[in-house]
Amino acid sequence: QVQLVESGGGLVQAGGSLRLSCAVSARTFSTYSMAWFRQAPGKEREFVATITWRGGSTYYGDSVKGRFTISRDNAKDTLYLQMNSLKPEDTAVYYCAAREPGLGYSAWARDYAYWGQGTQVTVSS
């Protein structure tokens, strides 16, 4: 059974930074491609960033490109999202997600089998 637990959310002023973490309990975290999605009130879930299971390739949504960085530490079974230059429109619940082992990355939520409970990020103007 795979469990994902996000942490690191909070309230920050526009222009500030936050780092989200996602602790993953799985036999072989290193074989899971991972992603971050977010969902603001009244909006659909939005793709933020994804990383391959080896960590060699990443892909970002247009709205966060150049400001956010996804990374992973396979030795610690943890996924990260470094968020810089935050904007009020980044306010959302952020979710980490995992694909089935051995699959490549994807920007589609439907491709992810496992999800965390989410962590709230609020950016004030």
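Remember, it's a predicted structure, so these values are computed and weren't measured experimentally. (Residues numbered from 1 in each chain as written. Predicted model: local features only at pLDDT ≥ 70, side-chain atom pairs only at ≥ 80, totals over all residues. Heavy atoms only, no water.)

Give a description of the sheet that holds strand β8 (residues 78-83) that names residues and reports values.
Taken together, the 4 strands give an open sheet; going across it, the order is β1-β3-β8-β7, and neighbouring strands pair in antiparallel fashion. The sheet is open, and its two borders are formed by β1 (3-7) and β7 (68-73), each paired with just one other strand. In this sheet, adjacent strand axes meet at a mean angle of 15 degrees when their direction is disregarded. As paired strands, β1 and strand β3 (residues 18-25) are joined by 5 bridges and run antiparallel to one another. Its bridge partner lying in β3, Ser-7 is registered against Ser-21. (Pairing = 2+ DSSP bridges. Helix = DSSP H or I, 4+ residues; strand = E, 2+ residues; numbered from the N terminus. Axes fitted to C-alpha atoms, helices over the stretch in contact; angles between N-to-C directions.)

Any chance you could break down the packing of aromatic side chains for me, citing the residues and the numbers?
With the rule as written, the count across this model stands at 7 aromatic pairs. Look at Tyr-32 and Tyr-114: their rings are 6.4 Å apart centre to centre, the planes differ by 70 degrees, and that puts the pair in the edge-to-face class. Of this pair, Tyr-32 sits in the loop between β3 and β4 (34-39) while Tyr-114 is found in strand β10 (residues 114-115), placing the two residues 82 residues apart along the sequence. Residue class for Tyr-32 comes out buried when judged on its relative accessible area of 8%. Assessed through its relative accessible area of 23%, Tyr-114 is described here as partly exposed. Considering the side-chain rings of Phe-47 and Tyr-59, the 5.8 Å spacing of their centres and the 25 degrees angle between planes classify their relative orientation as stacked. Pair noted here: Phe-47 is in strand β5 (residues 46-51) and Tyr-59 is in strand β6 (residues 58-60), with a separation of 12 residues, a long-range link. (Phe/Tyr/Trp six-rings, centres within 6.5 Å; stacked < 30°, edge-to-face > 60°. Buried < 20%, exposed > 50% of the residue type's maximum accessible area, 1.4 Å probe, protein only.)

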